[in-house]
Amino acid sequence: MNYEKIYEQLIERSIFRTLEGYVEMHHIVPQCFGGTNEKSNLTPLTAREHFIAHLLLYRIQTSKRRRHQMLKACTMMAGKEIYNSRL
């Protein structure tokens, strides 16, 4: 499965829409990978999309260190030991 393509589609879709209600700001390039807090690097996602985005970033990474950083982000979002998109 092409996780990078799915991630890119998720980000592209989020940039050109307006969400109502609860949103989470997502760093397109994560801060731990050198991303900044500039507006061009932030996009609004629903909580579920945000979790999925980090899960996709985890799957995309080939470096063990970067995979660990993304898994940690998913774990912090889930707050539990059970990981799925419904959390």
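The rules behind each value
Residues numbered from 1 in each chain as written. Predicted model: local features only at pLDDT ≥ 70, side-chain atom pairs only at ≥ 80, totals over all residues. Heavy atoms only, no water. Core = buried A, V, L, I, M, F, W, Y, C linked by side-chain atoms within 4.5 Å. Buried < 20%, exposed > 50% of the residue type's maximum accessible area, 1.4 Å probe, protein only. Helix = DSSP H or I, 4+ residues; strand = E, 2+ residues; numbered from the N terminus. Contact = heavy atoms within 4.5 Å. pLDDT = per-residue confidence, 0-100. Expected span 1.5 Å × (residues − 1). Phe/Tyr/Trp six-rings, centres within 6.5 Å; stacked < 30°, edge-to-face > 60°. Lys NZ or Arg CZ within 6 Å of the ring centre and 35° of its normal. Salt bridge = Lys/Arg side-chain N within 4 Å of Asp/Glu carboxyl O. Arc of directions from axis to C-beta. Polar contact = N/O pair within 3.5 Å; in protein donor to acceptor, adjacent residues only side chain to side chain.

A. Molecular detail of the nonpolar core. Counting eleven residues, the largest nonpolar core consists of Y7, L10, I11, I28, F33, L45, A53, L56, L57, Y58 and M70. Counting only elements with at least two residues in this core, the list comes to α1 (3-15) and α2 (47-60). It is α2 that contributes the most residues to this core, four residues altogether. Those residues in contact with L56 that lie beyond four places of it in its chain are Y3, I6 and Y7.

B. Summary view of the confidence of the model for the protein. Here the protein averages 86 in pLDDT, and 90% of its residues register 70 or above. Here helix α3 (residues 64-78) stands out as the element of the protein with the lowest mean pLDDT, 81, in contrast to strand β2 (residues 42-45), whose mean of 95 is the highest.

C. Broad picture of α3. When the terminal C-alpha atoms of α3 are compared, their 21 Å separation across 15 residues agrees well with the 21 Å that a helix rising 1.5 Å per residue should span. Burial in α3 covers these residues: Q69, M70, A73, C74 and A78. For α3, the elements touching its buried residues are α2.

D. Up close: the packing of aromatic side chains. Using the criterion set out here, one finds zero aromatic pairs in the structure. When the ring centre of F33 is taken as reference, the NZ or CZ atom of R66 above it lies at 4.2 Å. Directly above the ring of Y58 sits R67, whose terminal nitrogen or CZ lies 4.1 Å from the centroid.

E. Highlighting the pattern of salt bridges. Going through the model one piece at a time under the given rule, you end up with one salt bridge. The closest approach of N and O atoms between E49 and R17, which form a salt bridge, is 2.4 Å. Pair noted here: E49 is in helix α2 and R17 is in the loop between α1 and β1 (24-27), with a separation of 32 residues, a long-range link. By relative accessible area, R17 is classed as partly exposed at 25%.

F. Representation of α1. Taking 1.5 Å as the rise per residue, α1 with 13 residues should run 18 Å; its terminal C-alpha atoms sit 19 Å apart, in good agreement. Listed as buried for α1 are Y7, L10, I11 and S14. Down the axis of α1, the smallest arc covering the buried residues is 95°, so these residues share one side. Considering only its buried residues, α1 is in contact with β1, β2 and α2. Capping the start of α1, N2 holds a side-chain oxygen 3.3 Å from the backbone nitrogen of E4, two or three residues further along.

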